[in-house]
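Residue-level listing of the chains:
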Amino acid sequence: MSATPASAAAPAAITDDVDLSALNSFGLPARAAHLVRLRSIDQLRELVAAPGWADTPRLVLGGGSNLIFTGDRPGFVLKVELGGRRLLGEDAAGWLIEAGAGENWHEFVRWTLAQGWPGLENLSLIPGTVGAAPIQNIGAYGLEMADRFDSLDAVDLATGALRVFRREACGFGYRDSVFKRAPGRWLIAAVRFRLPRAWQPRTGYADVAAELAARGIAAPSALDVSDAVIAIRRRKLPDPARIGNAGSFFKNPVVARAAFERLAALHPGVPHYPQADGSVKLAAGWLIERAGWKGRDLGPVGSFERQALVLVNRGGATGADVRRIADAIRADVAAHFGVELEPEPVFV
Ligand code: EPU
């Protein structure tokens, strides 16, 4: 008789009144009325078909690295633990790879690189899961997930039906997608990526270029770029395993050209990134630092010393504490620069 790992065959484990503080990277206190550890689509279908489902509140949880709990959760918290990663096919253009939504993003990226499939290296060390990546179209160091995206499978939580989303249907934008705009509607089950054979390193981002130069690497491999990105992130960003945080707390604001010109006249040297449509993206971290918030706390939450855009839990913070400092920073940046900041994580 061969032993089967318990997790492989186990049905949905449902537990009641569960502490969620270890399941969100900010370490905020909240409890779930019912926590479902979702290991198969069938298990999800059973839940959706059960009486009362339509009226039961639900929250889909991946790595919990992009949400701020402001209170306890009634109903179901669906912790996505759908695993698996595989090569679906390859052709002259490259490789088609699929991963279950519950896979850890960074481990997935490193696995693709180890297999010799380049393309995701700039997105190394981003916290969270594969299934969460399309929701806010994660991006860093000159690459967005959408650049390598092929399609995904999502379950309609109203009906239990499985739907395939090709790229055009996802409405990807800067830290945005149709999934982010319709919270609670879809549960992403698996994501497919196209990784290019005709790969070129993306080293245009100044930090990446400087790190590679410091390492004496002129023609980097994908693994070199990944290693450089990991080093940069470790230097600049707090490790959520040690210091509670949700990554960048605000989106980089995009303003009209005329508004940028006015700002640049007052603040020469303001970092800015011209967009294809003529608008200009500003660096929220710079605005927050210049508004005097870098390294400053309000109660148990502070702006991180080495990257002002990241808010950190100094210990014992609640969602209300996070909201208080976020509002104070927004108000100060608006007063100083006339620019409105928009939070990046989702408040639930
Ligand atoms: N800056 C400051 N002070 C600060 C932080 C930044 O002056 O405290 C300036 C920097 O000197 C630079 C500019 O702002 O001129 C941009 O800073 P950085 O390169 O650190 O990147 P960012 O715009 O602050 C964005 C993403 C990050 C991503 C990095 C690298 C957003 C909201 N954030 O940050 O993504 O890792 O670029 O590509 O777009 C995340 O989304 O959680 C995240 C960490």
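Before reading on, note that the structure itself is shown above.
Here the structure is a predicted model, which means the values were calculated and not measured.

J.: It is not clear to me how the overall build of the chain should be interpreted in this structure. Could you clarify?
T.: When helices and strands are counted, the chain shows 10 helices and 20 strands. Projected onto the principal axes, the alpha-carbon positions of the chain cover approximately 70 × 50 × 35 Å. When the 348 residues of the chain are sorted by exposure, 47% land in the buried category. Contacts in the chain between residues at least 24 apart in sequence constitute 61% of all its contacts with a sequence separation of at least 6. Within the structure as shown, the chain displays about 15,700 Å² of accessible surface, and the carbon and sulfur contribution to it stands at 52%.

J.: Help me understand the sheet that holds strand β10 (residues 149-156), please; the structure alone is not making it clear to me.
T.: In any sheet, the strands associate via hydrogen bonds between backbone groups, in a parallel or an antiparallel arrangement. On the basis of which strands lie adjacent, the open sheet formed by 5 strands has the order β6-β7-β12-β10-β11 and antiparallel pairing. Since the sheet does not close on itself, it has two edges, and those belong to β6 (85-90) and β11 (162-166), each with one partner. Looking at each pair of strands side by side, their axes are set apart by 20 degrees on average, direction ignored. Of the strand pairs in this sheet, β10 and β11 are connected by 5 bridges, and their pairing is antiparallel. Paired with A154 across the bridge in β11 is R163. Those strands touched by helix α3 (residues 105-115) are β6, β7 (94-100) and β12 (186-196), and its axis lies near 45 degrees from that of β6.

J.: I keep staring at the packing of helix α6 (residues 206-214) against helix α7 (residues 222-236) and nothing clicks. Help me out?
T.: Two packed helices can be described by the angle between their axes and the distance between those axes. Two elements in contact, α6 and α7, have axes whose closest approach is 9 Å; the angle formed by their N-to-C orientations is 110 degrees. Taken together, the axes of α6 and α7 are roughly perpendicular relative to one another. Residue-level inspection shows D207, V208, E211 and L212 of α6 in contact with α7, the latter providing D224, A228, V229, A231, I232, R235 and K236. Residue composition of the contact of α6 with α7, grouped by class: 6 nonpolar, no polar and 5 charged.

J.: Would you mind showing me how to read the packing of aromatic side chains here?
T.: Per the stated rule, a full pass over the model turns up 13 aromatic pairs. In this structure, R296 is placed above the aromatic ring of W293, and the distance from its NZ or CZ to the ring centre is 3.8 Å. The ring centre of F347 lies 4.4 Å from the NZ or CZ of R323, which sits over that ring.

J.: Looking at this structure, how should I read the site of the ligand?
T.: With respect to spatial proximity, 24 residues lie near the ligand, and among them Y141, Y174, Y205, E289 and E344 are the closest. Side-chain polar atom of R175 to an oxygen atom of the ligand: 2.9 Å apart, as the coordinates give it. Contact distances for the ligand include 2.8 Å between an oxygen atom and a backbone N or O atom of A308. Out of a free accessible area of 820 Å², the ligand has 83% covered by protein chains. For the shell around the ligand, the residue count by class is 11 nonpolar, 6 polar and 7 charged.

J.: Mind showing me how you'd approach the sheet that holds strand β13 (residues 245-248) here?
T.: With antiparallel pairing, 4 strands are arranged side by side in an open sheet as β13-β19-β18-β17. The open sheet is flanked by β13 and β17 (297-298), the only strands paired with a single partner. With 4 bridges joining them, strand β18 (residues 301-304) and strand β19 (residues 307-313) adopt antiparallel strand pairing. Across the sheet, the residue bridging to S303 is L311, located in β19.

What counts, and where the lines are drawn
Residues numbered from 1 in each chain as written. Predicted model: local features only at pLDDT ≥ 70, side-chain atom pairs only at ≥ 80, totals over all residues. Heavy atoms only, no water. Helix = DSSP H or I, 4+ residues; strand = E, 2+ residues; numbered from the N terminus. Buried < 20%, exposed > 50% of the residue type's maximum accessible area, 1.4 Å probe, protein only. Contact = heavy atoms within 4.5 Å. Areas by Shrake-Rupley, 256 points an atom, 1.4 Å probe, with all protein chains shown as cover. Pairing = 2+ DSSP bridges. Axes fitted to C-alpha atoms, helices over the stretch in contact; angles between N-to-C directions. Parallel < 35°, antiparallel > 145°, perpendicular 65-115°, else oblique. Nonpolar A, V, L, I, M, F, W, Y, C, P; charged D, E, K, R; others polar. Phe/Tyr/Trp six-rings, centres within 6.5 Å; stacked < 30°, edge-to-face > 60°. Lys NZ or Arg CZ within 6 Å of the ring centre and 35° of its normal. Near = heavy atom within 4 Å. Polar contact = N/O pair within 3.5 Å; in protein donor to acceptor, adjacent residues only side chain to side chain.

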